[in-house]
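# Notes for the structure review
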Amino acid sequence: RIQCREENISPACPRAGHSTPSSSRMEPTDRVVPADANTDCPGSNAEAAGKSAACAGCPNQEACATAPTGVDPDVVAISERLANVKYKILVLSGKGGVGKSTFAAQLAYGLAARGRDVGLLDIDICGPSAPIMFGQQGQDVHKSNSGWSPVYVKDNLAVMSIGFLLPNADDAVIWRGPRKNGLIKQFLKDTEWGTLDYLVVDAPPGTSDEHLSIVQYLKQAGIDGALVITTPQEVAMADVRKELSFCAKVGVPVIGVVENMSGLSVPVHGPQLRFSAGAHGPDVTEQVKAVLAAHLPHLSTQAAALTAHVDVFQASRGGAARMCETAGVPFLGCVPLDPAIAAAAEAGRSLFPDEDEADPDTLHAMNSTSFTAVKAIVDGVVRGMEGQS
């Protein structure tokens, strides 16, 4: 069911100076410069790419020199296809496992709950998560003469992912860069999104083929900003700094950074939290709850939402807030690691359901500090894009 063409995509080529990302949309004339390029790289999309003196010794020189020059007609076609999309947002992270896809899905859900028309494009070709995150496993993409129809989660929320095209969901996608790039181009050029307020693009971790491709292919349509996800510890932020550098080099403005998994938040009366006498001792959960009920009767019920907080990942260098201050980009806030959010992702549920859709687990999540944090960040994205107070 997968139909795509291999493309001759030249890897970008920068080591341009780092600058603070601007708040304006990326313009079509911006250079595309890869992370392993020479200092004075003209950009892989320039006429001099691979041919100027600055390209000597660059690992991308041959690819840039042999790539087609001039305006790619497919880039024009993509711009025309997305002409009715108001805002295009990339969700990025230099590090894997930080909850980027979970946050991208809840961002799409949250925007849709605010009455916006939303599309989510999953360009993680080797590890697509969207079918699970939106509860749409087993759904098919329908193709017509006018293009591909995305999978609709609800009337104002559509999703496209390679996960809908695989004959078997457990099949590995073992593709080199050009073939992955070709499918991303086809997603952008052939998917019938219609009129959208937001197109959220969920990218894989890193700063490689998929990231360069999405920037190149959207250079005429324009990218309105990137939402960057990290966790508090330095091992994650070291790679997220590279993602911020990537955004600066290719001219993608950063909407802001979210510190995800910022401590563990667990309801004391929920089923996830157990107490034991020592690491391997007997379970004393009921005894602990009885003590709490005796001494804190007003907080002894499920409805009271007494919550335990634990710092799982130490912010050894000040966390995302300090990183943002140093990089000169907005810090949007912290989201605790919450089992309720993980359960929603596993079940393909929204944290922002309509009243008649909310089950007990979701209603509990909506009363948590984690939900409050996610909602505040979604509100911040809307204000940043639409200029709302």
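Residues numbered from 1 in each chain as written. Predicted model: local features only at pLDDT ≥ 70, side-chain atom pairs only at ≥ 80, totals over all residues. Heavy atoms only, no water.

### Points about the overall build of the protein chain
Basically, it comes down to this: Helix and strand assignments follow DSSP, with helices taken as H or I runs no shorter than four residues and strands as E runs no shorter than two, numbered in order from the N terminus. Partly exposed residues are those whose accessible area sits between 20% and 50% of the maximum for their type, while under 20% is buried and over 50% is exposed, using a 1.4 Å probe and protein chains only. Here, two residues are considered to be in contact whenever any of their heavy atoms come within 4.5 Å of each other. For the accessible areas, the method is Shrake-Rupley and the probe is 1.4 Å, while residue cover comes only from the protein chains on display.
Across its full length, the protein chain holds 12 helices and 11 strands. When the 389 residues of the protein chain are sorted by exposure, 50% land in the buried category. For the protein chain, contacts bridging at least 24 residues in sequence account for 76% of all contacts bridging at least 6. As displayed, the protein chain offers around 17300 Å² of accessible surface, 50% of which is attributable to carbon and sulfur atoms.

### Some words on helix α2 (residues 73-81)
Heads up, the rule is: Along the arc lie the directions from the helix axis toward the C-beta atoms. N or O atoms closer than or at 3.5 Å make up a polar contact, with two conditions inside protein: a donor-capable atom paired with an acceptor-capable one, and, for residues adjacent in sequence, both atoms drawn from side chains.
Listing the buried residues of α2 in full gives Asp74, Val75 and Ile78. Taken down its axis, α2 places every buried residue within 105 degrees of arc, on the same side. The exposed residues of α2 that point more than 90 degrees off its buried face are Pro73 and Glu80. As for α2, its buried residues are in contact with α5 (177-190) and α6 (209-217). Sitting at the head of α2, Asp72 places a side-chain oxygen 2.9 Å from the backbone nitrogen of Asp74.

### Some remarks on the pattern of salt bridges
To keep it simple, the criterion reads: Salt bridge, as applied in this entry: a Lys or Arg side-chain nitrogen positioned within 4 Å of an Asp or Glu carboxyl oxygen.
Summed over all chains, the structure comprises 14 salt bridges. Measuring nitrogen to oxygen at the nearest pair gives 3.0 Å for the salt bridge that ties Lys180 to Glu210. Taken together, the residues span a long stretch of sequence, with Lys180 in helix α5 and Glu210 in helix α6 at a distance of 30 residues. In this structure, Lys180 and Glu210 share a single accessibility class: buried. Put simply, Glu234 and Arg317 hold a salt bridge, and the shortest N to O gap is 3.6 Å.

### Considering the packing of α5 against α6
Axis angle and axis distance: for two packed helices, these are the angle between their axes and the distance between the axes, and together they describe the pair. Heads up, the rule is: Comment: axis = line fitted to C-alpha atoms, over the contacting stretch for helices; angle = value between 0 and 180 degrees taken between N-to-C directions. Whether a crossing is left-handed or right-handed is set by the direction in which the near helix is turned from the far one by less than a right angle, anticlockwise for left-handed and clockwise for right-handed. Following the grouping adopted for this structure description, the nonpolar residues are Ala, Val, Leu, Ile, Met, Phe, Trp, Tyr, Cys and Pro, the charged ones are Asp, Glu, Lys and Arg, and the polar ones are all others, Gly among them.
Relative to each other, α5 and α6 sit at 40 degrees, their axes nearing to 10 Å. Crossing geometry of α5 relative to α6 is assigned as right-handed. From α5, Gly177, Lys180, Asn181, Ile184, Lys185 and Leu188 reach across to α6, where they touch Asp209, Glu210, Ser213, Ile214 and Tyr217. Broken down by class, the residue content of the contact of α5 with α6 amounts to four nonpolar, three polar and four charged.

### Observations regarding the nonpolar core
Note the cut-off: Side-chain atoms within 4.5 Å link the members of a nonpolar core, which is a set of buried Ala, Val, Leu, Ile, Met, Phe, Trp, Tyr and Cys residues.
Core analysis: the biggest nonpolar cluster contains 93 residues, and Leu82, Leu121, Phe134, Phe187, Leu188 and Ile214 have the highest contact counts within it. When sequence neighbours within four positions are dropped, the list of residues in contact with Phe134 reads Ala105, Ala108, Tyr109, Leu120, Val153, Leu157, Val159 and Gly348.

### Quick notes on unusual backbone geometry
Trans is the prevailing form of peptide bonds, just as negative phi is the prevailing case for residues other than glycine. In the Ramachandran plot, Met261 falls in the positive-phi region, its phi being about 55 degrees despite a non-glycine side chain. You can see Met261 is positioned in strand β9 (residues 254-267).

### Re α5
Formally: For a helix, the expected span equals 1.5 Å multiplied by the number of residues minus one.
When the terminal C-alpha atoms of α5 are compared, their 20 Å separation across 14 residues agrees well with the 20 Å that a helix rising 1.5 Å per residue should span. Taking burial as the measure, the 14 residues of α5 include 12 buried ones, the bulk of the element. Turning to α5, its buried residues number three or more, namely Gly177, Lys180, Asn181, Gly182, Leu183, Ile184, Lys185, Gln186, Phe187, Leu188, Lys189 and Asp190. Here the buried face of α5 lies against α2, β2 (118-122), β4 (147-149), β6 (157-161) and α6.

### Things to note about the pairing of β2
Put simply, the test is: Two strands pair under a simple rule: DSSP has to find at least two bridges between them.
With five of five residues buried, β2 is to be regarded as a mostly interior element. Here β2 shows no split at all, with Val118, Leu120 and Asp122 on one side and Gly119 and Leu121 on the other all buried. Pairing between β2 and β6: five bridges, direction parallel. By the bridge assignment, Asp122 is partnered in β6 with Ser161. Pairing of β2 with strand β7 (residues 196-202), which is carried by five bridges, proceeds in the parallel orientation.

### Thoughts on the pairing of β7
By the criterion of burial, β7 is predominantly enclosed, with seven of the seven residues buried. Both strand β1 (residues 85-92) and β7 contribute to a ladder of six bridges, which runs parallel. Bridge pairing in β7 places Leu90 opposite Val201.

### Points about empty space enclosed by the protein
Rolled over the atoms, a probe as big as a water molecule pinpoints where empty space is left. The line we're drawing: Only protein atoms enter the calculation, which uses a 1 Å grid: trapped sets of points that fit a 1.4 Å probe without letting it out are cavities, open sets showing protein on both sides within 12 Å along at least five of seven lines are pockets, and any residue with an atom within 4 Å of a point is a lining residue. Grid points are joined across faces, edges and corners, and a volume is the space filled by probe spheres set on the points.
Per the counting criterion, the structure on display carries one cavity of 30 Å³ or more. A volume near 40 Å³ is recorded for the largest cavity. Mapped onto the lining of the largest cavity, the elements with two or more residues apiece are α3 (100-113), β2 and α4 (130-133). Taken together, the residues that form the lining of the largest cavity break down as five nonpolar, one polar and two charged.

### What to know about the packing of helix α7 (residues 234-250) against helix α9 (residues 319-327)
Direction vectors running N to C along α7 and α9 enclose 30 degrees, while the axes themselves pass 11 Å from each other. The element α7 and its partner α9 pack so that their crossing is right-handed. Contacts between α7 and α9 involve Met237, Val240, Arg241 and Leu244 from the first element and Gly319, Ala320, Met323 and Ala327 from the second. Class assignment of the residues belonging to the contact of α7 with α9 gives a composition of six nonpolar, one polar and one charged.

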